[in-house]
Amino acid sequence: MATEMLEQTEPTLTRRRAPIEEFWALPESVIPTEYINGEIIMAPTPTAAHQRMSRKISTALSEFVEGNGLGEIFYSPLDVILPTGDVVQPDIFFLATKQAERALLDKRVYGVPPLVVEILSPGSITLDTITKRHLYEKSGVREYWIVDVEKQSIAQLVLRKKHYALAEISEDGTICGVVLAGFEMNVGKLLGVR
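Rules used in this analysis
- Residues numbered from 1 in each chain as written.
- Predicted model: local features only at pLDDT ≥ 70, side-chain atom pairs only at ≥ 80, totals over all residues.
- Heavy atoms only, no water.
- Helix = DSSP H or I, 4+ residues; strand = E, 2+ residues; numbered from the N terminus.
- Polar contact = N/O pair within 3.5 Å; in protein donor to acceptor, adjacent residues only side chain to side chain.
- Contact = heavy atoms within 4.5 Å.
- Buried < 20%, exposed > 50% of the residue type's maximum accessible area, 1.4 Å probe, protein only.
- Arc of directions from axis to C-beta.
- Phe/Tyr/Trp six-rings, centres within 6.5 Å; stacked < 30°, edge-to-face > 60°.
- Pairing = 2+ DSSP bridges.

Honestly, the side chain of K132 in this entry has me stumped. Any pointers?
With respect to the element layout, K132 can be found in helix α4 (residues 125–139). Side chain to side chain, K132 and E34 meet in a polar contact 2.6 Å long. Those residues in contact with K132 that sit more than four places away from it in its chain are E34, I36, V88, Q89, E118, L127 and Y144.

Next comes the structure, spelled out in structure tokens:
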């Protein structure tokens, strides 16, 4: 008896135009789901590599943030409703203490997180590097990290005069926080390269 191999395909995003009311009517079990530019965007579930990286980064950030009493680190799935009306679920984001307290009361985040981290998945590259980059820039997210597990790199974008500029990573591969001044993380060690 021959065994059949499952054909692996690249996961893709599902997108469709819909009014915001339809988005809010979706059951909670339909995640991760975002509402950007009038479209409901449903992403496939993250990969194990994506989740490992998310855990490593959120742990490092949480230790720094909580150790210094700065606020809290949150991660997907949690709706962030931007001033534009778009609803995103960043992989990881930082909220200062007052904004975090308000989010816990409201059950969602209303406003702009100062730091957002997105980890690329095969189906989310265009969404994270173009669509969300523009949306976060326009909304005033002060620091945006785009993590590419496959290429073993992190692009640290910092808002300067309403536009993102790529921050320079030190020669030893260390990212220095802008929003979280004093936070440092070695990208190579994080990604298992060094």
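Quick question: what am I supposed to make of helix α3 (residues 97–106) here?
Residues separated by three or four positions in an α-helix point in the same direction, a consequence of the helix having 3.6 residues per turn. Looking only at α3, the buried set comprises Q99, A100 and A103. Viewed along the axis of α3, the buried residues span an arc of 100°, placing them on a single side of the element. Away from its buried face, by an angle of more than 90 degrees, α3 presents the exposed residues K98, L104 and L105. Buried residues along α3 sit in contact with β4 (71–75), β7 (92–96) and β8 (109–110). Among the residues trailing α3, K107 stands out with phi positive, at a value near 75°.

It is not clear to me how the packing of aromatic side chains should be interpreted in this structure. Could you clarify?
Aromatic rings considered in pairs are described by the distance between their centres and by the relative angle of their planes. Scanning all chains against the criterion turns up seven aromatic pairs. Their ring planes at 70° and their centres at 5.0 Å tell us that F23 and W24 sit as a pair that is edge-to-face. The buried category is assigned to F23, whose relative accessible area is 6%. On the basis of relative accessible area, W24 is assigned to the partly exposed category, the value being 35%. Pairing F74 with F93 gives two aromatic rings, centres 5.8 Å apart and planes at 25°, and the pair type is stacked. Here the residue F74 occupies a position in strand β4, and F93 occupies one in strand β7, the gap between them amounting to 19 residues. By relative accessible area, F93 is classed as buried at 1%. Taken together, the aromatic side chains of F23, W24 and Y35 make up a single cluster linked through ring pairs.

What should I look at first to understand the pairing of strand β12 (residues 163–166) in this one?
Consecutive side chains of a regular strand alternate in pointing toward one face of the sheet and then the other. As paired strands, strand β11 (residues 153–160) and β12 are joined by four bridges and run antiparallel to one another. Across the sheet, residue L159 finds its bridge partner in β12, namely Y164. Connecting β11 to the next strand, β12, in antiparallel fashion are two residues, including K161 with a positive phi near 55°.

I'm lost on unusual backbone geometry in this one. Help?
In most cases, non-glycine residues show a negative phi, while peptide bonds are predominantly trans. Here the bond from S76 into P77 is cis, since omega is 5°, no more than 30 degrees from zero. Within the fold, P77 resides in the loop between β4 and β5 (80–81). Although it is not a glycine, K161 adopts a positive phi angle of roughly 55°.

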